[in-house]
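# Structural characterization, general
The residues making up each chain are set out below.
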Amino acid sequence: MRRVIGRKKGCEGYLVEGGGCVQYNDRKKAYETQGGEQCKPVRIGGVLAGFSFPVPVSAEDEQIYSITETGKAYLKYNQAVGGEPFGFTTGMPGSADPYLYGGIPQMYGECIRRGITWQELLQWDGHSDELPI
C-alpha cells in the first residue's frame with residue numbers, strides 16, 4: 001500500500017508515497033495514477049489511508065510462490081486485489097491477526113471475496129506500536 005501523504009498543486013487527486021498522484025477517473029469508474037496505472041483505495045477506520053497497486057510477479061517468483069498454499073493464495077490475491085504480500089511486522093498490534101480468518105491463505109480468500117486489501121481487512125495502517133529506540 002502506498003500511503004496518502006496529502007495534496008499538491010498539479011495533482012487533482014491524492015499525493016502518495018513515492019511522489020505519485022492518484023486520481024479518480026469518472027469515465028473508467030476507477031482510481032489511477034497520472035500514467036494510467038489502476039489502483040484500489042484502502043480505507044482504515046473509514047478514512048482513506050492509501051492505495052493498493054498490483055505487484056509485478058516474475059515467472060521465477062511465480063514458480064516460488066506456487067510451491068506453498070500461502071504462496072498460491074497470494075498470487076490469486078495479487079491478481080484479484082493487488083498489493084504486497086502479508087508479513088508480520090514487529091510492533092504490529094495483536095488485532096491485526098490473519099489467524100482470526102483461519103490463517104494467511106484464508107485471509108487472502110476473505111480479501112478476494114470482499115475486494116479489499118489485507119491492510120483494510122485487518123485495519124492496519126502500517127504504523128506499529130513499537131517504541132522508537
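Before any of the text, the structure's been laid out above.
Note that this is a predicted model, so its numbers are computed, not measured. (Residues numbered from 1 in each chain as written. Predicted model: local features only at pLDDT ≥ 70, side-chain atom pairs only at ≥ 80, totals over all residues. Heavy atoms only, no water.)

## As for the nonpolar core
Stated precisely, the cut-off is as follows: For our purposes a nonpolar core is just a set of buried Ala, Val, Leu, Ile, Met, Phe, Trp, Tyr and Cys residues, chained together by side-chain atoms within 4.5 Å. Buried residues are those whose accessible area, probed at 1.4 Å on protein chains only, stays under 20% of the maximum for their type, while exposed residues exceed 50% and partly exposed ones sit between those limits. A run of H or I in DSSP becomes a helix once it reaches four residues, and a run of E becomes a strand once it reaches two; helices and strands are each numbered from the N terminus.
If you look at the biggest cluster of nonpolar residues, it comprises 16 residues, and the most contacted ones within it are Tyr 77, Phe 86, Met 107, Tyr 108 and Trp 118. Residue assignment for this core shows that the elements contributing at least two residues are helix H2 (69-80), helix H3 (104-114) and helix H4 (118-122). The element best represented in this core is H3, accounting for 4 residues. Ranked by size, the runner-up nonpolar core spans 6 residues in total, among them Val 16, Val 22, Tyr 31 and Cys 39.

## A word on the side chain of Asn 78
Quick reminder of the rule: Nitrogen and oxygen atoms within 3.5 Å of one another constitute a polar contact, given that in protein one can donate a hydrogen and the other can accept it, and given that sequence-neighbouring residues count only through two side-chain atoms. It only takes one pair of heavy atoms within 4.5 Å for two residues to be counted as in contact.
Inspection of the secondary structure puts Asn 78 in helix H2. Only 2.7 Å separates the side chain of Asn 78 from the backbone oxygen of Val 55, close enough to count as a polar contact. Leaving out residues up to four positions away in the same chain, Asn 78 has contacts with Pro 54, Val 55, Val 57 and Gly 83.

## Overview of H3
Buried residues of H3: Ile 104, Pro 105, Met 107, Tyr 108, Glu 110 and Cys 111, and no others. The secondary structure elements touched by the buried residues of H3 are H2 and H4. Of the residues flanking the end of H3, it is Gly 115, one or two places downstream, whose phi is positive at about 75 degrees.

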